[in-house]
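Report on the structure
Listed below are the residues making up each chain.
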Amino acid sequence: MIKREYDKENLTKKLTRANLMGAQSRQYGMSRGRGQGVMGLTGGWSQRLPGMLGKPVRRQDGFDLPRGDPQFPIAGPSRVTFVGPLADQSSRKKRSYRYMYEKVSERSEVLDDRIDHFGDIIKAHYDVEELGDPSAVTEEEVIVVGRIVHDAESSSGAVKLNEASLMLESSRMMGSGARLPLRFDADVKVRQSVRNIGGQGVFPGAIVALKGKNGGGGSFSVTEILSLPPLGPPSEAHIKSETSETQFSMYIACGPFSPDTSLDYKPLQSLISKLTVAKPAVVLLLGPFIDSAHPAVKIGDVDLPPREMFEVELADRLRTFLEASPGSLVLLVPSTRDILSDHAVFPQCELPRALCHDPRIHMLPNPARFTLNGVHVAVSSVDVLFHLRKEEFFKRATEVDPLHSSASSNAPDAMANLCRHILQQRSFYPIFPVPLDLSHDVNLDVTHSDMLYLTPQDDDDDEVVGESERDDPSRARCAPDVLVVPSRLKHFSKVVDDTVAVNPSFLTKSTYAVLEYAGHGTPGPAKDRIKVEIQRLEG
């Protein structure tokens, strides 16, 4: 009897809940003026799906339905063969990791592994049998590998790295994690650096190899700096294109896409107009797309929610371009300042696929490595060049066995040296820790910094790496053909070793880059077949 009454009461509750959530309750307050739905608290309109007998579907908990016609265009044959990061569920889950759960032990292990990894590289390149411990007192010179750190006790306040505050931190395996001050000899030398540089640049977090000894004075005396070996050039093997032609063009632009004075996105409108006329095979856009640091966004002076703003200002305009050029591709790389990204750390996962369902628009993580017709491209939206320029200390040294530079001029090039740091350190962001006054630009997650490496640190064998991961461009063990590093520094396009480095600057400064690839038919390395021009928006 009691059970029957309890079941009856539960059934009554379910019927009541169903009535409250039914079509009548959802249609309450419907506006006949729009005929599309009811205005919600988020400022958006609920929409109807075809075949649902007029029942509206509400937008809840961030779930959003595509605006307009839900039938999306079917992508035709692309003019380029694009191979991007793996998009399976496990790979996407790895990139969208949980942050703010770092453990001190995990952070220290990652930092130690990086030093040990470069120790193996130095031993193989310079044919060194064993590396030394910088904290051990020796009479003979040894070669040590460690990380440059800033001696906070010898400098007051936020002082830039200098020779008096240089310290070397070893790993726990090679030197028990000890830190020792560095003292350079008056006639210190640098081995196998690029000719005519005249020294070596260092910064907090840089991995260095040094030759010298600890004479018992509490410091390590350096007689020679061993340059890190450069990355090898990409393989000559080319990926077959869907068409017989392998040449392509790519437009590269970096946000913000609207000036601080307004949110009209006029620079982006001007760029889309040029794209519609030029019809490049690839368009690479780097965030921020909706900048959380924009004055109007910070105070909430906007007419649309962020998702609808992205749809109207960016996605609709990109679809207009793709209608004019159906064989083109659009690649979107987010920024840590994107308000639409719920991943506010670096490395950063891609933007949600729900923002744009067009199969010709690809969402990429930040940073990312991908290939276009076999051409390796590496890109990051973080202004690492400015951070390196601000933190770098350049130590003059005599060159020994210098390497020939591929640049047309033998004069020292500061921008090329900054890009060379990224390539030699094999990291999109080799600085550690992030400068205090620039920490608002980069919220670095050290535990997952393996996603920042230009090349993987683990062993490349069948037991460690699966067959699918071998096809992932991020696991390529070669230098990229193209390195895109937007910065507030002056725009440029330079050949650095075997890589074409491009800084398109920001679109709000009316600059963007146009890359032309001549195709596989021309002999020689890819850098000889790549031409990049920095162009300006008119008006």
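Note that this is a predicted model, so its numbers are computed, not measured. (Residues numbered from 1 in each chain as written. Predicted model: local features only at pLDDT ≥ 70, side-chain atom pairs only at ≥ 80, totals over all residues. Heavy atoms only, no water.)

So, on to the overall build of the protein. When helices and strands are tallied, the protein shows 11 helices and 22 strands. For the protein, buried positions account for 50% of its 539 residues. In the protein, the share of contacts with a sequence separation of at least 24, taken over all contacts with a separation of at least 6, comes to 71%. On the protein, roughly 26600 Å² of surface is accessible, and the fraction owed to carbon and sulfur atoms is 51%. (Helix = DSSP H or I, 4+ residues; strand = E, 2+ residues; numbered from the N terminus. Buried < 20%, exposed > 50% of the residue type's maximum accessible area, 1.4 Å probe, protein only. Contact = heavy atoms within 4.5 Å. Areas by Shrake-Rupley, 256 points an atom, 1.4 Å probe, with all protein chains shown as cover.)

So, on to the packing of helix H9 (residues 384–391) against helix H10 (residues 414–425). Relative orientation of the contacting elements H9 and H10 amounts to 105°, with a least axis distance of 10 Å. It follows from the interaxial angle that H9 and H10 lie roughly perpendicular. Along the contact surface, H9 presents Val384, Leu385, Leu388 and Arg389, while H10 presents Ala414, Met415, Leu418, Cys419, His421 and Ile422. Along the lines of polarity and charge, the residues of the contact of H9 with H10 split into eight nonpolar, one polar and one charged. (Axes fitted to C-alpha atoms, helices over the stretch in contact; angles between N-to-C directions. Parallel < 35°, antiparallel > 145°, perpendicular 65-115°, else oblique. Nonpolar A, V, L, I, M, F, W, Y, C, P; charged D, E, K, R; others polar.)

On to the sheet that holds strand S10 (residues 248–254). The mixed open sheet is built from six strands, whose spatial order is S13-S12-S11-S10-S21-S22. Two strands lie at the open edges of the sheet, namely strand S13 (361–363) and strand S22 (530–536), each paired on one side alone. Taking each pair of neighbouring strands and ignoring which way they run, the sheet shows an average axis angle of 20°. Where S10 and strand S11 (residues 282–286) come together, five bridges link them in parallel fashion. (Pairing = 2+ DSSP bridges.)

Moving on: helix H6 (residues 266–278). Its 13 residues give H6 an end-to-end C-alpha distance of 18 Å, which sits within 8% of 18 Å, the value for a rise of 1.5 Å per residue. On its buried face, H6 sits against S10, S11, helix H8 (306–324) and strand S21 (511–517). Phi turns positive one or two residues past the end of H6, at Lys279, with a value near 50°. (Expected span 1.5 Å × (residues − 1).)

As a further point, take the nonpolar core. Formed by 52 residues in total, the largest nonpolar core has its most connected members in Leu182, Leu210 and Tyr429. The element best represented in this core is H10, accounting for six residues. (Core = buried A, V, L, I, M, F, W, Y, C linked by side-chain atoms within 4.5 Å.)

Only one face of strand S16 (residues 393–396) is buried: it carries Phe393 and Lys395, and the other face, with Phe394 and Arg396, is open. Pairing of strand S7 (residues 199–202) with S16 involves four bridges; the strand directions are antiparallel. Paired with Val202 across the strands is Phe393, a residue of S16.

Attention now goes to the sheet that holds strand S19 (residues 492–496). Taken in spatial order, the six strands line up as S3-S14-S15-S18-S20-S19 in an open sheet, and their pairing is mixed. Each edge of the sheet is formed by a strand with only one pairing partner; in this case those strands are strand S3 (82–83) and S19. Taken together, the three bridges between strand S18 (residues 482–484) and strand S20 (residues 499–503) define a ladder with parallel strand orientation. Bridge pairing in S20 links Val482 to Val500. Against the sheet, H10 contacts S18, S19 and S20, and its axis sits at roughly 55° relative to S19.

Turning next to empty space enclosed by the protein. Any empty space left between atoms is shown by rolling a water-sized probe over those atoms. In total, this model carries six cavities of 30 Å³ or more according to the counting rule given. Its boundaries defined by the atoms lining it, the largest cavity holds a volume of some 150 Å³. Taken together, 15 residues line the largest cavity, and the ones lying closest to its centre are Leu111, Arg114, Tyr429, Phe432 and Ser449. With three residues, helix H4 (residues 104–126) is the largest single contributor of residues to the lining of the largest cavity. Of the residues in the lining of the largest cavity, the class split is 10 nonpolar, three polar and two charged. When its volume is computed, the second largest cavity comes out at roughly 120 Å³. In terms of lining residues, the second largest cavity is bounded by 13 residues, among which Ile197, Gln200, Arg420, His421 and Gln424 are the most central. Put simply, the parts of the chain that give the lining of the second largest cavity at least two residues each are S7 and H10. Here the lining of the second largest cavity gets four residues from one element, more than from any other, and that element is H10. (1 Å grid on protein atoms, 1.4 Å probe; cavity = no way out; pocket = protein on both sides within 12 Å on 5 of 7 lines; lining within 4 Å. Points joined across faces, edges and corners; volume = space filled by probe spheres on them.)

These values are about where atoms sit, not about what they do.
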